[in-house]
Amino acid sequence: MIKDDYQSLPGNVQVKRAMEIAATGGHSIAIIDCDNLDAEYHAAFNLIGSNHKALKVVRCCPCGNFTHPKRRCTCTPNEVGRWQKQKGYRAALEADIVVTAQPVKHTDVMLTHLNMPGAIVHKRVIFTRLRQHKSITPNAAELFQTAAKHLNFNAKEQMQVLSITNTIMNMDHDERVRNYHIAEAINLRRGNVYKIVQDNIKLGGAQ
Ligand SMILES: [Zn+2]
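Overview of the structure. (Residues numbered from 1 in each chain as written. Predicted model: local features only at pLDDT ≥ 70, side-chain atom pairs only at ≥ 80, totals over all residues.)

### A closer look at the sheet that holds strand β2 (residues 55-59)
In plain terms, the rule: Pairing between strands requires that DSSP locate at least two bridges from one strand to the other. Numbering of helices and strands starts at the N terminus; helices are DSSP runs of H or I of at least 4 residues and strands are runs of E of at least 2. For helices, the axis comes from a line fit to the C-alpha atoms of the stretch in contact; other axes are also lines fit to C-alpha atoms, and the angle between any two N-to-C directions lies between 0 and 180 degrees. Here, residues touch in the contact sense if the C-beta positions derived from the backbone fall within 7 Å of one another.
The strand order across the open sheet built from three strands is β2-β1-β3, with neighbouring strands paired in parallel fashion. Looking along the sheet, the strands with just one partner apiece sit at the ends: β2 and β3 (97-100). Between one strand axis and the next, the sheet turns by 20° as a mean value, whatever way the strands run. Where strand β1 (residues 29-33) lies against β2, five bridges are found, and the strand directions are parallel. Residue I31 lies in a different strand from β2, and its bridge partner there is V57. Relative to β3, helix α1 (residues 13-25) is tilted by about 165°, and along the sheet it contacts β1 and β3. Sitting on the sheet, helix α2 (residues 38-47) touches β1 and β2, and the angle it makes with β2 is about 165°.

### Focus on the nonpolar core
Rules: In plain words, the nonpolar core is the set of buried Ala, Val, Leu, Ile, Met, Phe, Trp, Tyr and Cys residues that C-beta atoms within 7 Å link up. Residue burial here comes from a neighbour count, namely the number of other C-beta atoms, placed from the backbone, that lie within 10 Å of the residue's own C-beta, with 20 or more meaning buried, 12 or fewer meaning exposed, and in between meaning partly exposed. These domain boundaries are the output of an automatic or database domain assignment.
If you look at the biggest cluster of nonpolar residues, it comprises 43 residues, and the most contacted ones within it are M19, I29, I31, A44, F45, I48 and I182. Going through the elements one at a time, α1, β1, α2, β2, α5 (118-132), α6 (138-150), α7 (155-171) and α8 (179-189) are the ones with two or more residues in this core. Residues lining this core come from more than one domain, with at least three contributed by each of domain 1 (13-128) and domain 2 (131-200). Aside from chain neighbours lying at most four places away, what touches I29 is A18, M19, A22, A54, L55, A95, D96, I97 and V99.

### Section: unusual backbone geometry
Phi angles above zero are rare outside glycine, and N152 is one such case at about 60°. Here N152 shows up in the loop between α6 and α7. Taking the number of C-beta atoms within 10 Å as the measure of exposure, N152 has 8 and is therefore exposed. One non-glycine residue with positive phi stands out, namely H173, at about 50°. Summarising the element assignment, H173 is placed in the loop between α7 and α8.

### Some points on the environment of G49
Residue placement: G49 occurs in the loop between α2 and β2. Residues G49 and G118, 69 residues apart in the sequence, show an inter-C-alpha distance of 9.0 Å. With residues up to four places along the chain from it excluded, the contact list for G49 reads A23, H122, V125, I126, A155, Q158 and M159.

### Overview of the environment of S163
With respect to the element layout, S163 can be found in helix α7. Its 13 C-beta neighbours within 10 Å are what place S163 among the partly exposed residues. Distance from S163 to A185, taken between C-alpha atoms, is 8.6 Å for residues 22 residues apart in sequence.

Purely spatial values, then, with no claim about function.
Shown next as structure tokens:
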């Protein structure tokens, strides 16, 4: 079986939903984690296409049950107070999205659209992100998709290109994403190694 960091993530659907929203909109996200899954959350977040720096995972209270729906927190009020005053914890609460990881419920399994393999969720994230540029010209959208495939951009690079594209469009005082915005952004990601003109992508130096 191929290991899929996203699909095999034991966190609940609320966490996956929150991660997808964060990845799509470029929002920062904090997960309060009771199960020591820091590395797993980062891997999953990366896989669906977001900058892992936008994700903070913070530990739950010392006993780990403070946010648990069924288990009882056995920490003293002092312990809970100390936990909630921790710098890392307070900083995490500044994130755009804050979500508590809870155990998987059997009903979660039915929500298949949230239990897709990471690659499919990643495609959905990219597609929605493209559509957020409501004014993207059809050619520009096609160029982006072709280029991403052709140049083998990973998830993070695709996000970077879209973000740079937005900046270039704004610098142009333009309200539409055009081919040349996409092309310039891609070239800036790849050190001008590729010559990208209109709909054509060629390997070549600057000309
Ligand atoms: Zn506790």
